[in-house]
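Spelled out from the first residue to the last, the chains are:
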Amino acid sequence: MNHLNKGKAKYISVLALVLLLLTITLYCSASGFHTSYFHSFLTVDTLPLNKADPQNPKVKIQNESAAVGKIADTTIINKIDTLTYRPSKDALDAPVVYHADDSMVMDIPAKKIILYGKGTNVKYIDNQLYAPRIEFDQSTSLVSAYLVRDSNGNVISFPLFNQADFKTQSDSIKFNMKTLKGITKSTYTQQGEIYFHAEKIKKVDPDVFYGYRGQFTTCNLDTPHFSFVSKKFKFINKKMAITGPVHPEFENVPIPVYLPFGIFPLKTGRRSGILAPTFSANEQLGLSLEGLGYYKVLSDIWDVVLRGTIYSYGGWTANLSPRYYKRYRYQGNLSVDIQHLRDLDKSGARNFNVRWSHSSDTKARPGVSFNASLNAGSSGFNSSVPNSPQRNFQNQLNSSITYSKIWKNRPFNLNISGNHNQNTNSKLWNINLPDIGFNVNTLYPFRRKEVIGEYKWYENLGIALNTNVRSLSSFYDTLGNFFNEFAKNYRWGANHNVPITLSLPQVGSFQIAPSIGYVERWYQEKFVRSWNPVNKKVDTTISNGFYTSREMNFGIGVTTRIFGMYTFKKKSKVQAIRHEIRPSISANYKPDMNRQYWYSTQVDTLGNKGRYSVYERAVFGPFGEGRFGGMSFGIDNNLQMKVRNKKDTAADAVKKITLLDGLSITSSYNFLLDSFKLSPFNINMRTNLFEKISISAGAVVVPYLTNSRGEFINKMVWREKVALGKLTSANIAVQSQFKGGDKNEKLPMTNLQQNSQLNPITGMPLNEYQQEAAYINNNPGEFANFNIPWSISFQYALNYNRVPNGLGTGYKGSVTQNISWTGSLNLTPKWQIGINGSYNITLKELGMISMYLTREMHCWQMAINISPVGRYRSFNISISPKSGLLRDLKINRTRYFYDL
């Protein structure tokens, strides 16, 4: 009976629902409601409006539609339903994503969830927690994490907590997911280069936490070699750490040196501040406080460093170094140095030096570049720089400023530069300003615009233009009045070169290339010497004006390549030797177009005469006199060997070894000369044996006999003996490098080469201290690589020249030999010794010798540098942390000695 009643009730309910839907459908049809609005119709309230009410939308629509003959009928307005609810008091602001590697226990009465497993983790907003055991209490919104040990007492996993950039490792963690506050025990964290450890840490907001019994260090070991210990501290994420009374510890041994408080900066990027000095002693200038200064950030583009050094004998130096950098545009730096040095015997001498470096990014203005490298100053500056033997030996200052432009889709390019060269010993200045070069790339005037097939031979006729306008001035800075001397000695000139070439098709194995050259030069003056018989001296006459001279040459050259190979037996390690010969020969003719600009004059009372050109003082020099009609010829050789590759087991695995990169002989023969028609032979050789020993050599051999005074006469040497000629000059250079350990390891640099590096955070170029810190980090132990157990490199140079004996009776041979070396040896895995030096074999004199002993101490470094011989002697002992953050925390002892 109950089942029947239930069936009837269900039937009545279904019938009522059908009737309701039918009624709604009929109402919608009667009111003009479309079925496409059925969903909206069911989900809105409908309230009848007063048709006479002026605010009735129907009345408004009717009034507005009457003008266009349309009447809109609507009797309803939409009103969105709202569903209001009240969240639970213990509800969170975001969902919690969790994972348990092993298992999960839910304690419903206590409203707790416990997760187990080594890879267990919980994520809430930007908070991530990893631990082998995590417990969540819903009533308090508290998450707890604990470490777990195995049966032997070893830790399986530590709780790890990450929030944005803040990461910690702890023994236990308790974190409130609503207030985002927490407390941890035995916690490790890192900010930049600093590692922190504290017994307890209380986190009060995402960026601030407080610690109890903490350690600060840059050593990444669990038990650090050194640290700064404080009972309480405050940590502000990425800004700073502030401590109460703090003292250092080494190997957990407290050092009784206390400071009332400590501030550890944690900000990355550039920050203004004081630059700490170092102490040193100089035999001539006294005790010194070196490098005291201030670093100032002026803007996102500019910063500046101001440094100074004070000496106990009354001297001082100052340096101002502003820098600028704009990403993708340009970068540069300026350095201005002033010296006022005073010793016990001499009064103070003032010197200055200015250095400027600028480079532009090629992407800023494609086709346009501007670069500058300026180094100029007083002639006595380098020799007076204290405690810098390398710079004291530098006697050349060079500068270059260059602007260049290449026109897009045009054959033109322009180059404007200014150059400076200064010899600090002779105090001679050479200034080249400006130097303008304008070039037109090779044009082919006979080529068709639309090419079908190959070019005709005459279509490869090309013509180009190379123009160079140069002005220069040379003077000595001892005369004073710099600008007057520059203007007084100012000279200019121009050189125009028009090469005409024709690239002919290859004829068999020969490549033929005819050429025509036209060169014209513009001069500022004529300089004429004449013998004055009254005063018995040479008088000079200078005629200023605009003068020109020109020269033409015609030539045709032929080149080819000849190959030969000798193969060995199959079982031989050497499979083949390949010889390549590259001969070349050319015929050239140059008419004598400048004979009128040459003259002869008496030069002494003995009646000796000299031949000179009226353009001998010209910027580009005079053209030579006389005709040339002859041949130039040469031959070059390359020798390679194929051997089986031991590292490759394949049957056809071979390796190429170059035995001789090049061996060339060149000379020329002038048919139009009366004597000495055959020019000297130029011989050059280069090779890199086994990719270990680099050898280069060169020689000049004159194929003529000599008289009793050693002068060459017009007789071939092979008429009397079998020889190529007499050697007048020769040179040979050998250098090599050997090392043990991993072949991919690189030897340490001997100087800092970080100028082009940029700070990865700020984008600004690294300053001097950042460069030093980066270099030390990359090369532990200061200029030492302990991964290389030993290394040795050497360079040997020999030069020979045939020079007059000084007595006027003949010639003699002058030989100079020099050898230099660098070596290092690991005494133990942590101790390394090295030596650098040079020796002049000819004079039997030692050059500057320097030795070092360095100790690798993980997070610290120790280096002892000694220069025991030479004019500049010194020793230095330095112990400091490797971290750039603590670079000023160091022990340094430096002494310099000079031989006047």
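See above for the structure.
Just so it is clear, the structure is predicted and the values come from calculations on it, not from any experiment. Numbering of residues begins from 1 in every chain and follows the order in which that chain's sequence is written. In view of the model being predicted, local features appear only for residues whose pLDDT reaches at least 70, and side-chain atom pairs are presented and counted only at 80 or more, with totals across whole chains, interfaces and linings using the full set of residues. For side-chain calculations, the full set of non-hydrogen atoms in the structure is used, while hydrogens and water are omitted.

1. Re the overall build of the chain
- Assigned secondary structure in the chain consists of 7 helices and 54 strands.
- For every residue, the accessible area (1.4 Å probe, protein chains only) is compared with the maximum for its type, and the residue is labelled buried under 20%, exposed over 50%, or partly exposed between those bounds. Taken over 900 residues, the chain has a buried fraction of 33%.
- Contacts between residues were defined by any pair of non-hydrogen atoms, one from each residue, lying within 4.5 Å. Of all intrachain contacts in the chain linking residues separated by at least 6 positions in sequence, the fraction that spans at least 24 positions is 49%.
- Counting only carbon and sulfur atoms, one obtains 58% of the accessible surface of the chain, whose full area is about 55,200 Å². Each helix is a run of H or I in the DSSP string that is no shorter than four residues. Each strand is a run of E no shorter than two, and both are numbered from the N terminus. All accessibility values rest on the Shrake-Rupley procedure with a 1.4 Å probe; residue burial counts only the protein chains present in the view.

2. Structural notes on the nonpolar core
- Residues belong to one nonpolar core when they are buried, are Ala, Val, Leu, Ile, Met, Phe, Trp, Tyr or Cys, and are joined through side-chain atoms within 4.5 Å. Counting 19 residues, the largest nonpolar core has Phe196, Phe216, Phe226, Phe228, Phe235 and Ala241 as the members making the most contacts within it.
- Elements with a contribution of two residues or more to this core: strand 14 (194-205), strand 15 (208-217) and strand 16 (226-236).
- If near-sequence neighbours (up to four positions away) are discounted, Phe235 is found in contact with Gln191, Phe196, Asp207, Val208, Phe209, Met240, Ala241 and Leu266.

3. Thoughts on a nonpolar patch on the surface
- Residues Ile516, Phe554, Ile585, Tyr589, Met631, Phe633, Phe671 and Leu672 make up a contiguous nonpolar surface patch of about 630 Å² in total accessible area.
- Breaking the nonpolar patch down by element, the ones donating at least two residues are strand 37 (574-590) and strand 40 (628-644).
- Secondary-structure assignment places Phe554 in strand 35 (residues 537-559).
- Among the residues examined, Phe554 registers a relative accessible area of 34% and is labelled partly exposed. Patch membership is restricted to residues that have no salt bridge and whose relative accessible area is over 30%. Joining uses 9 Å for like charges and 5 Å for the nonpolar side chains Val, Leu, Ile, Met, Phe, Trp and Tyr. A pairing counts as a salt bridge when a side-chain nitrogen of Lys or Arg comes within 4 Å of a carboxyl oxygen of Asp or Glu.

4. So, the pattern of salt bridges
- Counting across every chain of the model gives 20 salt bridges.
- Two residues, Arg355 and Asp337, come together in a salt bridge whose shortest N-O distance is 3.1 Å. Here Arg355, found in strand 27 (residues 349-360), pairs with Asp337, found in strand 26 (residues 330-341); they are 18 residues apart in sequence, far enough to count as distant.
- Classification of Asp337 as buried rests on a relative accessible area of 12%.
- With a shortest N-O distance of 2.7 Å, Arg448 and Glu459 are connected by a salt bridge. Residue Arg448 is located in the loop between strand 31 (428-443) and strand 32 (461-476), and its partner Glu459 is located in the loop between strand 31 and strand 32; the two are separated by 11 residues in the primary sequence.
- Using a relative accessible area of 1% as the deciding quantity, one classes Glu459 as buried.
- Within this structure, Arg561, Glu580, Arg582, Asp636 and Arg686 form a network of salt bridges that share partners.

5. Things to note about unusual backbone geometry
- A cis amide bond links Leu433 with the next residue in sequence, Pro434, at an omega value of -10°.
- The residue Leu180 is not glycine, and still its phi comes out positive at about 60°.
- Secondary-structure assignment places Leu180 in the loop between strand 12 (172-176) and strand 13 (182-191).
- Residues other than glycine seldom take positive phi values, yet Phe676 does so here, at roughly 50°.

6. What to know about the side chain of Asn121
- With respect to the element layout, Asn121 can be found in strand 4 (residues 121-124).
- As used in this structure description, the phrase polar contact means that two N or O atoms lie within 3.5 Å; if the pair is within protein, one of them must be able to donate a hydrogen and the other to accept it, and residues adjacent in sequence are counted only when both atoms belong to side chains. For Asn121, the side chain forms a polar contact with the main-chain oxygen of Gly119, separated by 3.2 Å.
- If we skip the residues at most four places from it in the chain, Asn121 touches Val97, Tyr98, His99, Leu129, Tyr130 and Ile134.

7. Overview of the environment of Glu720
- The topology assignment puts Glu720 in the loop between strand 45 (712-716) and strand 46 (726-739).
- Taking the relative accessible area as the measure of exposure, Glu720 reaches 63% and is therefore exposed.
- Separated by 15 residues in sequence, Glu720 and Leu705 have C-alpha atoms that sit 8.8 Å apart.

8. With respect to the pairing of strand 39 (residues 609-613)
- Pairing between strands requires that DSSP locate at least two bridges from one strand to the other. The pairing of strand 38 (residues 598-602) with strand 39 spans 5 bridges and is classified as antiparallel. Along strand 39, the bridge assignment pairs Thr601 with Gly610.
- Hairpin connection of strand 38 to strand 39: 6 residues between the antiparallel strands, including Gly607 at a positive phi of 90°.

9. Thoughts on the packing of aromatic side chains
- Under the pairing criterion, centres of Phe, Tyr and Trp rings, with the six-membered ring standing for Trp, must be within 6.5 Å; the plane angle then separates stacked pairs below 30 degrees from edge-to-face pairs above 60, leaving the rest tilted. Throughout the structure, instances matching the rule amount to 27 aromatic pairs.
- Seen from their ring centres, Phe226 and Trp860 are 5.3 Å apart, and the 90° between their planes marks the pair as edge-to-face. In this pair, Phe226 sits in strand 16 while Trp860 sits in strand 52 (residues 860-869), placing the two residues 634 residues apart along the sequence. We note that Phe226, like Trp860, is buried.
- A centroid spacing of 6.3 Å and a plane angle of 15° characterise the contact between Trp429 and Phe475, whose relative ring orientation is stacked. Separated by 46 residues along the polypeptide, Trp429 in strand 31 and Phe475 in strand 32 bring together distant segments of the chain. Comparing Trp429 with Phe475, the two get one shared label, buried.
- Among the aromatic residues, those joined into a ring-pair cluster are Phe196, Phe209, Phe216, Phe233 and Phe235.
- A positively charged side chain is recorded as over a ring if its NZ (Lys) or CZ (Arg) lies within 6 Å of the ring centre. The angle to the ring normal must also be within 35 degrees. A cation over a ring is seen here: Arg327 above Tyr328, with NZ or CZ 6.0 Å from the ring centre.
- The ring of Phe623 has Arg521 sitting right over it, with the charged end atom 4.1 Å from the ring centre.

10. What about the state of the cysteines?
- When two cysteine sulfur atoms lie within 2.5 Å, the pair is treated as a disulfide. Considering all chains together, one arrives at 0 disulfides under this definition.
- Cys219 takes part in no disulfide bond, and the closest cysteine sulfur, belonging to Cys859, lies 3.6 Å away.
- Judged by relative accessible area, which is 1%, Cys219 ranks as buried.

11. With respect to empty space enclosed by the protein
- Definitions used throughout: a 1 Å grid over protein atoms alone; a cavity as a set of points that fits a 1.4 Å probe which cannot get out; a pocket as an open set with protein on both sides within 12 Å along at least five of seven lines; a lining residue as one with an atom within 4 Å of a point. Grid points are joined across faces, edges and corners, and a volume is the space filled by probe spheres set on the points. Per the stated rule, a full pass over the model turns up 5 cavities of 30 Å³ or more.
- Of the volumes computed, that of the largest cavity is approximately 110 Å³.
- If you list the elements that add at least two residues to the lining of the largest cavity, you get strand 11 (166-169), strand 12, strand 13 and strand 14.
- The element best represented in the lining of the largest cavity is strand 13, accounting for 4 residues.
- Considered class by class, the residues forming the lining of the largest cavity number 6 nonpolar, 4 polar and 3 charged.
- The volume enclosed by the second largest cavity comes to roughly 70 Å³. We call Asp, Glu, Lys and Arg charged. Ala, Val, Leu, Ile, Met, Phe, Trp, Tyr, Cys and Pro are nonpolar, and the rest, Gly among them, are polar.

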